[in-house]
Amino acid sequence: MNSNTAFLELKYGNIYGGFPNFYAISEIAFLVFENSSNKIFLESWISNANVEIVNVYPQINELGHTVGRGKEVINLRTRRRKPFKEDFRLEEEELQNAFKNLRPTKMPIKSFLIKAMKKYQFKDIIVFDGRRDVFLCEKSGANFSRANIIDIQKDLNKETDYLFSLNKLSVVVNFELDRNYLRSNNQEYWLHPIAAKQITPKSAAYDAARLMMVYNEYTKHHGDFLIHAQKLLNKIQTGKM
C-alpha cells in the first residue's frame, strides 16, 4: 500500500460588494510528501480572473493567537490591493460581470486537481478545517470519492478538546522556512528550488507546507507534539511569553 500523503490548501474570498456566502478560489496548493524518501512535490494554481475579492486575515501575536481580524480587497488579475469598505455594494450588472469573469476558472481548477491527483500516488489527503475547501473543489468538478480525506483540526480537537488554528500549531512545532529547507522541532526537509519558490508567506503553498510539518510532527512525534502544544496553551492562558 502506498504511504505517500497529500496536503490540500486553498485561498478564497467573497466577491467584493457581492454575496457574503459566495466564495471565489484565488489559489490552490497540492503538496505530496513521499514518506520513503522525504521528498516533497508541490503543485500550485493561481487564479487570474478579473475579479476583486475580499481577503480576511487574522492578526496574530507571537504565540499564534488571534487578537483581531483584518480585511483587504485583492484584484485576482493584477494582485493589486486596496482598503475594504464595509458598505460597498456592486450594482446588479457589475455583479453579473464578476460572475461571468469567474466562470472560465472552473475548468482550469478541475483540470489542475485531476492532473495532480493522477500524477502522484498517495494514501490520504490531509486538510485543515477543510470542509469548505473540499466543497469548493467539488463544486468546480473535482472528484474526491476515491480519496481518504482527513481533517487534522478535527482530530486534534477530539484529542485535546481545543480548537487549534494553523497559526498556533506552527508555533507549537516551531515551523521555519529557510530558503530550500523546511524545519520544525524534530524534522528537516530539503525543498527543490522550484517548490521552494512557490512557498511564500500568506500563500496557499505556504499553508500547505505548514500543514505538512504539523501533520508529520503530530503523527511521527506524537508525545513531543502534545507536550509543546500544552506549553503553548499554558502561555496563552497565563498571558506570558
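Here the residue numbering is sequential within each chain, running from 1 through the sequence in written order. Where local features are concerned, this predicted model is filtered to residues with pLDDT of at least 70; where side-chain atom pairs are given and counted, the filter is 80 or more; whole-chain, interface and lining totals use all residues. Note that the side-chain values use all heavy atoms of the structure and ignore hydrogens as well as water.

**Notes on the nonpolar core**
- With 40 residues, the main nonpolar core has I152 and M212 as its most contacted residues.
- Counting only elements with at least two residues in this core, the list comes to β2 (23–34), β3 (39–46), α4 (152–160), α5 (166–172), α6 (193–198), α7 (204–220) and α8 (222–238).
- The element contributing the most residues to this core is α7, with 11 residues.
- When sequence neighbours within four positions are dropped, the list of residues in contact with I152 reads I126, V127, F128, L211, V214, Y215 and Y218.
- Formed by 22 residues, the second largest nonpolar core is a distinct cluster that contains L8, F30, A116 and F122. Side-chain atoms within 4.5 Å are what join buried Ala, Val, Leu, Ile, Met, Phe, Trp, Tyr and Cys residues into a set we call a nonpolar core. Here the term buried applies to any residue with accessible area under 20% of the maximum for its type, exposed to any over 50%, and partly exposed to those in between, with areas from a 1.4 Å probe on protein chains only. Starting at the N terminus, helices and strands are each numbered in turn, a helix being any DSSP run of H or I of at least four residues and a strand any DSSP run of E of at least two. Two residues form a contact once any of their heavy atoms are found within 4.5 Å.

**Some points on the sheet that holds strand β9 (residues 176–178)**
- Two strands form a pair only when DSSP identifies at least two bridges running between them. With antiparallel pairing, 3 strands are arranged side by side in an open sheet as β9-β10-β11. Each edge of the sheet is formed by a strand with only one pairing partner; in this case those strands are β9 and β11 (188–190). Each neighbouring strand pair of the sheet contributes to a mean axis angle of 20 degrees, computed without reference to strand direction.
- Sheet analysis places strand β10 (residues 181–183) next to β11, joined by 3 bridges and oriented antiparallel. Axis lines are fitted to C-alpha atoms, over the contacting stretch for helices. Their N-to-C directions set the angle, which ranges from 0 to 180 degrees.

**A closer look at the pattern of salt bridges**
- Any carboxyl oxygen of Asp or Glu within 4 Å of a side-chain nitrogen of Lys or Arg constitutes a salt bridge here. In the structure shown here, the tally under the stated rule is 7 salt bridges.
- One salt bridge connects E52 with K82, and the closest N-O pair in it is separated by 3.1 Å. A residue pair is termed long-range when its members are at least 10 positions apart, and E52 in strand β4 (residues 52–60) and K82 in strand β6 (residues 81–83) qualify at 30 residues.
- On the basis of relative accessible area, E52 is assigned to the partly exposed category, the value being 27%.
- For R210, the salt bridge goes to D207, with nearest N and O atoms at 2.8 Å. Residue R210 and its partner D207 are located together in helix α7, separated by 3 residues, close to a single helical turn. When sorted by exposure, R210 lands in the same class as D207, which is buried.
- One network of salt bridges, with partners in common, ties together K11, D207 and R210.

**Here we look at α8**
- Between the first and last residue of a helix there are one fewer steps than residues, each counted as 1.5 Å, and that sum is the expected span. Helix length check: α8 (17 residues) gives 24 Å between terminal C-alpha atoms against 24 Å at 1.5 Å per residue, within 8%.
- Among all positions in α8, only F225, A229, L232, L233 and I236 are buried. One side of α8 carries all its buried residues, which in axial view fall inside an arc of 100 degrees.
- Count one or two residues on from α8 and you reach G239, which has phi positive near 75 degrees. Directions from the helix axis toward the C-beta atoms define the arc.

**Section: the pairing of β2**
- Across the 12 residues of β2, 10 count as buried, placing the element largely inside the fold.
- As consecutive antiparallel partners, β2 and β3 are separated by 4 residues, and within that stretch N38 has a phi angle of approximately 65 degrees, a positive value.

**Focus on a positive patch on the surface**
- A surface patch of positive charge is lined by R131, R132, K154 and K158.
- Its location among the elements puts K158 in helix α4. Patch building starts from residues that exceed 30% relative accessible area and form no salt bridge, then joins like charges within 9 Å and nonpolar side chains (Val, Leu, Ile, Met, Phe, Trp, Tyr) within 5 Å. Here, Shrake-Rupley sampling with a 1.4 Å probe gives the accessible areas, and only protein chains in the shown set may cover a residue. The charged-residue count follows a simple rule in which Lys and Arg add positive charge and Asp and Glu add negative charge, with His and chain termini not counted at all. Where a charge sits is defined by one atom per residue type, namely NZ (Lys), CZ (Arg), CG (Asp) or CD (Glu).

**Overview of the packing of aromatic side chains**
- Only Phe, Tyr and Trp rings are paired, with Trp represented by its six-membered ring, and only when their centres lie within 6.5 Å; those with planes under 30 degrees apart are stacked, over 60 edge-to-face, the remainder tilted. Within the structure shown, the criterion is met by 12 aromatic pairs.
- An angle of 65 degrees between the planes, with centres 5.8 Å apart, marks the rings of F30 and F122 as edge-to-face. With F30 in strand β2 and F122 in the loop between α2 (106–119) and β7 (124–127), this residue pair connects regions lying 92 residues apart in the sequence. Both residues of the pair, F30 and F122, count as buried.
- Each ring, one from Y162 and one from F164, has its centre 4.8 Å from the other, and the planes form 65 degrees; the classification is edge-to-face.
- The class of Y162 is partly exposed, set by a relative accessible area of 23%.

Taken by themselves, the reported measurements are silent on function.
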